[in-house]
Amino acid sequence: QKEVEQDPGPLSVPEGAIVSLNCTYSNSAFQYFMWYRQYSRKGPELLMYTYSSGNKEDGRFTAQVDKSSKYISLFIRDSQPSDSATYLCAMNSGGGADGLTFGKGTHLIIQP
Amino acid sequence: EAQVTQNPRYLITVTGKKLTVTCSQNMNHEYMSWYRQDPGLGLRQIYYSMNVEVTDKGDVPEGYKVSRKEKRNFPLILESPSPNQTSLYFCASSSGHYYEQYFGPGTRLTVT
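Everything in this summary refers to the structure shown in the same document. If you're wondering where the values come from, they're calculated on a predicted model, not measured in any experiment. (Residues numbered from 1 in each chain as written. Chains lettered and ligands numbered in written order. Predicted model: local features only at pLDDT ≥ 70, side-chain atom pairs only at ≥ 80, totals over all residues. Heavy atoms only, no water.)

## Quick look at the sheet that holds strand 3 (residues 19-25) of chain A
Residues and elements named next belong to chain A. Strands sit in the order 1-3-8-7-6 across an open sheet of five strands; the sheet is antiparallel. At either margin of the open sheet sits one strand with a lone partner, and together these are strand 1 (4-6) and strand 6 (54-58). Looking at each pair of strands side by side, their axes are set apart by 15 degrees on average, direction ignored. Note that strand 1 and strand 3 share three bridges and pair antiparallel. Paired with E5 across the bridge in strand 3 is T24. (Pairing = 2+ DSSP bridges. Helix = DSSP H or I, 4+ residues; strand = E, 2+ residues; numbered from the N terminus. Axes fitted to C-alpha atoms, helices over the stretch in contact; angles between N-to-C directions.)

## Some words on the nonpolar core
Counting 23 residues, the largest nonpolar core has W35, I72, L74, I76, Y87 and M91 of chain A as the members making the most contacts within it. Those elements that provide at least two residues to this core are strand 3, strand 4 (32-38), strand 5 (45-51), strand 7 (61-66), strand 8 (71-76), strand 9 (85-92) and strand 11 (106-111) of chain A. Here I76 of chain A is in contact with A17, I18, V19, L21, R60, F61, D83, Y87 and L108 of chain A, once residues within four sequence places are set aside. In terms of nonpolar packing, the next biggest core, distinct from the first, is built from 19 residues, C23, Y64, F74 and V111 of chain B among them. (Core = buried A, V, L, I, M, F, W, Y, C linked by side-chain atoms within 4.5 Å. Buried < 20%, exposed > 50% of the residue type's maximum accessible area, 1.4 Å probe, protein only. Contact = heavy atoms within 4.5 Å.)

## Some remarks on the environment of S67 of chain B
Within the fold, S67 of chain B resides in the loop between strand 7 (65-66) and strand 8 (76-78). Considering only alpha carbons, one finds S67 of chain B and T55 of chain B, twelve residues apart in sequence, at a separation of 7.2 Å.

## Concerning the interface of chain B and chain A
One widely used convention gives an interface's size as the accessible area the parts lose upon coming together. If you look at the interface, chain B gives 20 residues, while chain A gives 21 residues. In total, about 1600 Å² of surface goes out of reach between chain B and chain A, with carbon and sulfur atoms giving 58% of it. A per-residue breakdown of the area chain B buries against chain A is headed by L43, Y99 and F103 of chain B, which together make up 37% of the total. Applying the counting criterion to the chain B and chain A interface returns zero salt bridges. Inspection of the chain B/chain A interface yields two residue pairs in polar contact (both at pLDDT 80 or more). The set of elements that each furnish at least two residues to the side of chain B that touches chain A consists of strand 4 (31-38) and strand 5 (42-51) of chain B. Residue contributions to the side of chain B that touches chain A peak at five residues, all from strand 5 of chain B. Residues that form the side of chain B that touches chain A fall into these classes: eleven nonpolar, six polar and three charged. (Buried area = accessible area lost by both parts, 1.4 Å probe. Salt bridge = Lys/Arg side-chain N within 4 Å of Asp/Glu carboxyl O. Polar contact = N/O pair within 3.5 Å; in protein donor to acceptor, adjacent residues only side chain to side chain. Nonpolar A, V, L, I, M, F, W, Y, C, P; charged D, E, K, R; others polar.)

## Details of unusual backbone geometry
Negative phi characterises most residues that are not glycine, and trans characterises most peptide bonds. Residue P10 of chain A is reached from G9 of chain A by a cis peptide bond, and omega for that bond is 10 degrees. Looking at the secondary structure, you find P10 of chain A in the loop between strand 1 and strand 2 (11-14). The omega angle of the peptide bond from N7 of chain B to P8 of chain B is -5 degrees, so this bond is cis rather than trans. As for its placement among the helices and strands, P8 of chain B is situated in the loop between strand 1 (4-7) and strand 2 (10-13). In this model, D78 of chain A sits at a positive phi of 45 degrees, which is unusual for a non-glycine residue. Looking at where D78 of chain A falls in the secondary structure, it is placed in the loop between strand 8 and strand 9. For D78 of chain A, a relative accessible area of 43% corresponds to the partly exposed category. Residue N28 of chain B is not a glycine yet carries a positive backbone phi of 60 degrees. If you trace the backbone, N28 of chain B turns up in the loop between strand 3 (19-25) and strand 4.

## Observations concerning the pairing of strand 4 of chain A
All names here are of chain A. Counting buried residues in strand 4 gives seven out of seven residues, a clear majority hidden from the surface. Where burial is concerned, the two faces of strand 4 agree: the one with Y32, M34, Y36 and Q38 and the one with F33, W35 and R37 are both buried. Bridge count between strand 4 and strand 5: six bridges; the pairing is antiparallel. Along strand 5, the bridge assignment pairs M34 with Y49. Following strand 4, the chain reverses through six residues before pairing antiparallel with strand 5; R41 in that reversal takes a positive phi of roughly 65 degrees. Two elements, strand 4 and strand 9, share seven bridges in a ladder whose sense is antiparallel.

Here is the structure:
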């Protein structure tokens, strides 16, 4: 089963807050975990990817993967109005034939 | 500039009238893919191509055709469009890292 669960939101937080976005999944074969950001009327763009379990940090963004719980998170520190977008988690087993399995996306609003 | 382009960006058509949405990338990527994005359903893969003359079905291929005669181009063909194919379509490409997909700007298709 290739199901990925993601709360659609909207999630509204004040500027400067720490944001936590999450996805759960059921397919234990997934090894690559991605976060894409999609602005309105644009295509998704890759924000971060993580292989297997663990943490990865890039500036204000931190991605966490817990394969034992089948749970991934994206944290945004010092959130800015420009972070307002839809955030999509995506997963892949590592074989190209699978493509990417996406969550439905969480609509994030950062209030100035 | 490295990019994926799609044409047209917007299209309104009638049931049964054949149409083609073009996709082109200038990054010499082997892997290309088509997705559709629908409210409440998220991004779903239609077809993908691992390289020239190599294509395969994704999760929702019914009613669509693709071809990959050149590395840079991957057109999506709807031979007899129906209203349930009204959607936002994205083309994507990647190199050997299938998780790092670059998306085009999207084509909004309405079938009446």
